Amino acid sequence: MPIHLLTLSLIVSLQTRLSERMAGHDRQRGDVPGWVLITLMTAGIVTVLWRFAGPRLLEILTNAINSVSGPA
């Protein structure tokens with residue numbers, strides 16, 4: 001994309017966002033409970049994965065550190 005079209009696209013995008021904010025249509029104000037749900041689900045998935053894969057991940061990390069620093 002030529003630089004002048006990119007600049008024009010950026011200006012149009014900024015103008016659209018500004019006009020939406022001025023009109024009260026702020027797209028950044030989303031569904032807070034949805035974001036909370038996503039955060040909690042992510043934390044739950046990480047917890048479950050860590051519970052099952054934690055010992056193996058610790059072993060992999062320990063082996064990697066030992067191979068860099070040499071045997072103890």
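Here, every reference points to the structure presented above.
Concerning the overall build of the chain
Right, so step 1: When helices and strands are tallied, the chain shows two helices and zero strands.
Right, so step 2: Relative to its full complement of 72 residues, the chain shows a buried share of 1%.
Right, so step 3: When the accessible area of the chain is evaluated, it comes to approximately 6900 Å², of which 70% is carbon and sulfur surface.

A closer look at a nonpolar patch on the surface
Right, so step 1: On the surface, Trp-50, Leu-57 and Ile-60 cluster together into a nonpolar patch covering about 320 Å² of accessible area.
Right, so step 2: Of note, Ile-60 is situated in helix H2 (residues 32-69).
Right, so step 3: The class of Ile-60 is partly exposed, set by a relative accessible area of 42%.

Criteria and thresholds
Residues numbered from 1 in each chain as written. Predicted model: local features only at pLDDT ≥ 70, side-chain atom pairs only at ≥ 80, totals over all residues. Heavy atoms only, no water. Helix = DSSP H or I, 4+ residues; strand = E, 2+ residues; numbered from the N terminus. Buried < 20%, exposed > 50% of the residue type's maximum accessible area, 1.4 Å probe, protein only. Areas by Shrake-Rupley, 256 points an atom, 1.4 Å probe, with all protein chains shown as cover. Patch = residues over 30% accessible without salt bridge, like charges linked within 9 Å, V, L, I, M, F, W, Y side chains within 5 Å. Salt bridge = Lys/Arg side-chain N within 4 Å of Asp/Glu carboxyl O.

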